[in-house]
Amino acid sequence: MSEIAGQPEYLHVLVIPALTHALPIAVLGLLAALLAKSAPATRLALALVLVCAAAAWPAVHYGRAGFDRVRSMADDAGGDWLTLHRYRAEKSIAVFVAAAGAAAAALAATRWWKQAEKPLGWLTLAVALAACVAAARIAWPAGKVRHREFRHGEPPPAELQAARAAYPPD
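Quantities reported herein were computed from a predicted structural model and do not represent experimental measurements.

Along the backbone of the protein there are 7 helices and 0 strands. Written out in order from the N terminus, the α and β elements of the protein read α-α-α-α-α-α-α. Considered along the principal axes of its C-alpha atoms, the protein spans approximately 55 × 40 × 25 Å. A fraction of 78% describes how many contacts in the protein between residues 6 or more apart in sequence connect residues 24 or more apart.

Our next topic: a nonpolar patch on the surface. The grouping of Leu28, Leu31, Leu35 and Trp122 at the surface amounts to a nonpolar patch, some 410 Å² of accessible area in total. If you tally residues by element for the nonpolar patch, the top one is helix H2 (residues 8-36), at 3 residues. Tracing the sequence through the fold places Leu28 in helix H2.

We now examine the side chain of Lys144. Summarising the element assignment, Lys144 is placed in the loop between helix H6 (117-142) and helix H7 (157-166). A relative accessible area of 5% places Lys144 in the buried class. Sequence-distant contacts of Lys144, defined by excluding residues within four places in its chain, comprise Gly78, Trp81, Phe150, Arg151 and His152.

It is worth spelling out helix H3 (residues 39-54) at this point. Its 16 residues give H3 an end-to-end C-alpha distance of 22 Å, which sits within 8% of 22 Å, the value for a rise of 1.5 Å per residue. Three or more residues of H3 are buried, namely Thr42, Ala45, Leu46, Val49, Cys52 and Ala53. Projection of H3 onto a plane perpendicular to its axis shows the buried side chains occupying an angular sector of 135°, all on one side. The outward face of H3, more than 90 degrees from its buried face, is lined by the exposed residues Pro40, Leu44 and Val51. Elements in contact with the buried residues of H3: H2, helix H4 (56-73), helix H5 (76-112) and H6.

Below, the discussion takes up the side chain of Glu9. In this fold, Glu9 is placed in helix H2. For Glu9, the side chain forms a polar contact with the side chain of Arg69, separated by 2.6 Å. When near neighbours in sequence (up to four residues on either side) are disregarded, Glu9 contacts Tyr62, Gly66, Arg69 and Val70.

Rules of the game
- Residues numbered from 1 in each chain as written.
- Predicted model: local features only at pLDDT ≥ 70, side-chain atom pairs only at ≥ 80, totals over all residues.
- Heavy atoms only, no water.
- Helix = DSSP H or I, 4+ residues; strand = E, 2+ residues; numbered from the N terminus.
- Contact = heavy atoms within 4.5 Å.
- Patch = residues over 30% accessible without salt bridge, like charges linked within 9 Å, V, L, I, M, F, W, Y side chains within 5 Å.
- Areas by Shrake-Rupley, 256 points an atom, 1.4 Å probe, with all protein chains shown as cover.
- Salt bridge = Lys/Arg side-chain N within 4 Å of Asp/Glu carboxyl O.
- Buried < 20%, exposed > 50% of the residue type's maximum accessible area, 1.4 Å probe, protein only.
- Expected span 1.5 Å × (residues − 1).
- Arc of directions from axis to C-beta.
- Polar contact = N/O pair within 3.5 Å; in protein donor to acceptor, adjacent residues only side chain to side chain.

In structure tokens form, the structure reads like this:
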């Protein structure tokens, strides 16, 4: 376990399923709970959205820390996809913060401000759904970094140019 703790790229990969798999499931649970008008189920789903969306922070942290090491292992095309992956992740972090914040506010409303509970629940659903879209958009280039079989075409040129400007190769 201590060997994994010293390799941030592995920790990054361990955290990512919270964003790409668990968050969409939490969003579906929140939708079902809101439609069923079940307060306990809504609170549980909000807590799951909060935890899953907050996982973006360690994902970005460990991604930054492991970027150079993974970049050195990738070929040129893989390096471009990695740079695009990082660029999208760092540009999108705010949507995950907003989803976690909305979930926290909705949870607080269940205790102190009952009138805001439902509107904040629906707001959280909308923002968390946006975070799911962002997670999918971020993950798409990540799969192409080390897996040539997933590469069909080149990264979007304008976005890659912006990503290279933000994170120039060595």
